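Observations on the three-dimensional arrangement
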Amino acid sequence: MSAISAAICAVPTLVLPADSPNAPKVALLAVATVIFIVGVARVRSEEGPRPHTDHMADRTEDPIGDPPRG
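Scope of this entry: the structure provided in the associated data block. (Residues numbered from 1 in each chain as written. Predicted model: local features only at pLDDT ≥ 70, side-chain atom pairs only at ≥ 80, totals over all residues. Heavy atoms only, no water.)

With respect to the element layout, P24 can be found in helix α2 (residues 22–45). Separated by 12 residues in sequence, P24 and P12 place their C-alpha atoms 7.9 Å apart. (Helix = DSSP H or I, 4+ residues; strand = E, 2+ residues; numbered from the N terminus.)

Looking now at a nonpolar patch on the surface. Taken together, the side chains of M1, I4, V34 and V38 present a nonpolar region at the surface, about 330 Å² in accessible area. Tracing the backbone shows V34 in helix α2. (Patch = residues over 30% accessible without salt bridge, like charges linked within 9 Å, V, L, I, M, F, W, Y side chains within 5 Å. Areas by Shrake-Rupley, 256 points an atom, 1.4 Å probe, with all protein chains shown as cover. Salt bridge = Lys/Arg side-chain N within 4 Å of Asp/Glu carboxyl O.)

Our focus in this paragraph is the packing of helix α1 (residues 2–14) against α2. Here α1 crosses α2 at 170°, and the two axes come no closer than 8 Å. Comparing their axes, α2 and α1 come out roughly antiparallel. When α1 is examined against α2, the residues S2, I4, S5, I8, C9, V11 and P12 are found in contact with a partner set consisting of K25, L28, L29, V31, A32, I35 and F36. For the contact of α1 with α2, the residue count by class is 11 nonpolar, 2 polar and 1 charged. (Axes fitted to C-alpha atoms, helices over the stretch in contact; angles between N-to-C directions. Parallel < 35°, antiparallel > 145°, perpendicular 65-115°, else oblique. Contact = heavy atoms within 4.5 Å. Nonpolar A, V, L, I, M, F, W, Y, C, P; charged D, E, K, R; others polar.)

It is worth spelling out the side chain of K25 at this point. With respect to the element layout, K25 can be found in helix α2. Within the buried core, K25 has no salt-bridge partner, and the shortest N-O distance to an opposite charge, that of D19, equals 7.3 Å. With sequence-adjacent residues up to four places away left out, K25 is seen in contact with P12, L16, P17, A18 and S20. (Buried < 20%, exposed > 50% of the residue type's maximum accessible area, 1.4 Å probe, protein only. Lys, Arg positive; Asp, Glu negative; His and termini not counted.)

In short, geometric facts, not functional conclusions.
Next up, the structure:
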């Protein structure tokens, strides 16, 4: 999504002439901004890796990782 957003941001500079009206440039930048925001929201909403609950309940090792002495 961010690559698409970057490509849309580059269109006014690469395709449109320098003396062209500003409205199409601003519209393309607004569209690119919305696409970028959607991409960021999608990445932020993904769930990351979670620790295994079985490992959390298993206390056969001390914090260093050595077996407990008993």
